[in-house]
Amino acid sequence: MFEALEQELAGLEAQGLRRRWRRVEAVDGCRIRVDGRWLIHLASNNYLGLAQHPRVKAAAREAIERCGAGAGSARLIGGTFALHEELEEKLALLKRAEGALLFPTGYMANLGIITALVGPGDLVIGDTLNHATLIDACRLSRAAFRAYPHRDCGRLRAALRHRAGRYRRVLVVTEGLFSMDGDLAPLKEIVEAARDEGAWLLVDDAHATGLFGARGGGTLEHFGISPEGILQMGTLSKALGSLGGFLAGPRPVIETLKNRARSFIYTTALPPASCAAALEAIKVLQEEPVWRARLWENLKSWTAGLSRLGCDLISRESPIVPIRIGSNERTMALANALFEAGLYAPGIRPPTVPAGSARIRTSLTALHTPADLEEALICFENLLGDERMASSR
Ligand SMILES: Cc1ncc(COP(=O)(O)O)c(C=O)c1O
């Protein structure tokens, strides 16, 4: 009955595109145990190590004791706990926004925000490398969509001008820090273009929240841009070490989402323990600057080490450090060899990234020690050396 699916899966296998996960059995600092072996984890978005921080774990445990393991209901039906409201206040402060609204995940936040704000008769203009969650949300909204080449503000402006009053609303959508390329959006120019042309702007700061900006407020804070009128999406699931998505922005937008965002209304609220963990993570972020300092130190030595080995780094501005490989097969062979050597650094292939741009995506955390990074660099050196020898034969 499902033969057609078997054939499609075999097709994916033949193109080197079949996806499989590794089963993590335990976590200790930056190391994970997979199949009984401890490996250096270079694939986590837990950039500051806060998912493992004793205060963050204790806050989650305490919330479970007090509120239970789950919220038990949707937010508007009886699932809003004091912890949700407290976290929304803290997120609004972190993002210097009028208000904030939580969603169970970042994916649901993007779906809810975009579908609640635009629809048929509206236009969304987005960067070609925007995350899949943004692309899905645009499709679901049924608004018209135009892409501009990655970080190209001239083309963004041209697309904004071209609309010439043909649409009711225009929404510009970009990631603040791109998840698969690790580079920052030219936000000053994007904000100017959107403001000049009277368009709304949504910045997906999933990866930058907690990392960029003097207080960890994200890319707007990093670039010194006033957040007034800008919609800032973020997740709690990366640098804040928990789970959940949110929008921080003007009050009428927040109220509209509460009333219209289906992925907010028709789903069970984020577990109170996730809120408590994120609240404590925000406190740790502000009280223990050491984690961010360690992360940036690690970034310097990691990018310097990989460059010495001749790796083609797509960017070096953030803890997401992707190494360009190109072919799917070579990328996956290298990822598997790294795994065998004790490093978990996954290969990323299309459709997650454009065809021909497969890569090993390494991500750093504050929990990596200089010794861990040295060990990882030795693995890379050995494997890249073996690869070069094999290709010169
Ligand atoms: C840019 C971007 N936006 C949104 C999301 C979704 O966030 P979450 O994992 O919290 O659902 C991700 C996560 O991978 C992401 O990278």
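Structure: see above.
Everything numeric in this text was worked out from a predicted model, so none of it was measured. (Residues numbered from 1 in each chain as written. Predicted model: local features only at pLDDT ≥ 70, side-chain atom pairs only at ≥ 80, totals over all residues. Heavy atoms only, no water.)

This next bit is on the site of the ligand. By nearness alone, 15 residues border the ligand, and Gly 106, Tyr 107, Asp 204, His 207 and Lys 238 come closest of all. The separation between an oxygen atom of the ligand and a polar main-chain atom of Tyr 107 is 2.9 Å. Protein chains shield 84% of the accessible area of the ligand, which is 390 Å² for the free molecule. Those elements that place two or more of their residues in the shell around the ligand are α5 (106-117) and β9 (231-235). For the shell around the ligand, the element with the highest residue contribution is α5, accounting for 3 residues. Residues belonging to the shell around the ligand are distributed by class as follows: 3 nonpolar, 9 polar and 3 charged. (Near = heavy atom within 4 Å. Polar contact = N/O pair within 3.5 Å; in protein donor to acceptor, adjacent residues only side chain to side chain. Areas by Shrake-Rupley, 256 points an atom, 1.4 Å probe, with all protein chains shown as cover. Helix = DSSP H or I, 4+ residues; strand = E, 2+ residues; numbered from the N terminus. Nonpolar A, V, L, I, M, F, W, Y, C, P; charged D, E, K, R; others polar.)

Moving on: a nonpolar patch on the surface. The grouping of Met 1, Phe 2 and Leu 5 at the surface amounts to a nonpolar patch, some 430 Å² of accessible area in total. Turning to its location among the elements, Leu 5 is positioned in helix α1 (residues 3-14). (Patch = residues over 30% accessible without salt bridge, like charges linked within 9 Å, V, L, I, M, F, W, Y side chains within 5 Å. Salt bridge = Lys/Arg side-chain N within 4 Å of Asp/Glu carboxyl O.)

Taking 1.5 Å per residue, 13 residues should reach 18 Å; helix α4 (residues 82-94) reaches 18 Å between its end C-alpha atoms and fits that length. Buried within α4 we find Leu 83, His 84, Leu 87, Glu 88, Leu 91, Ala 92 and Leu 94. With its phi angle positive at about 50 degrees, Arg 96 sits one or two positions after the end of α4. (Expected span 1.5 Å × (residues − 1). Buried < 20%, exposed > 50% of the residue type's maximum accessible area, 1.4 Å probe, protein only.)

Another point: the pattern of salt bridges. Counted by the stated rule, this structure contains 22 salt bridges. A salt bridge links Glu 287 to Arg 55; the nearest nitrogen and oxygen atoms lie 2.9 Å apart. Of the two residues, Glu 287 sits in helix α12 (residues 272-287) while Arg 55 sits in helix α2 (residues 54-67), which places them 232 residues apart along the sequence. For Arg 55, a relative accessible area of 27% corresponds to the partly exposed category. The closest approach of N and O atoms between Lys 283 and Glu 280, which form a salt bridge, is 3.6 Å. Placement of the pair is Lys 283 and Glu 280 together in helix α12, with a separation of 3 residues, close to one helical turn. For Lys 283, a relative accessible area of 42% gives the class partly exposed. A relative accessible area of 14% places Glu 280 in the buried class. Put simply, Arg 55, Glu 280, Lys 283, Glu 287 and Glu 288 are held in one network by salt bridges that share partners.

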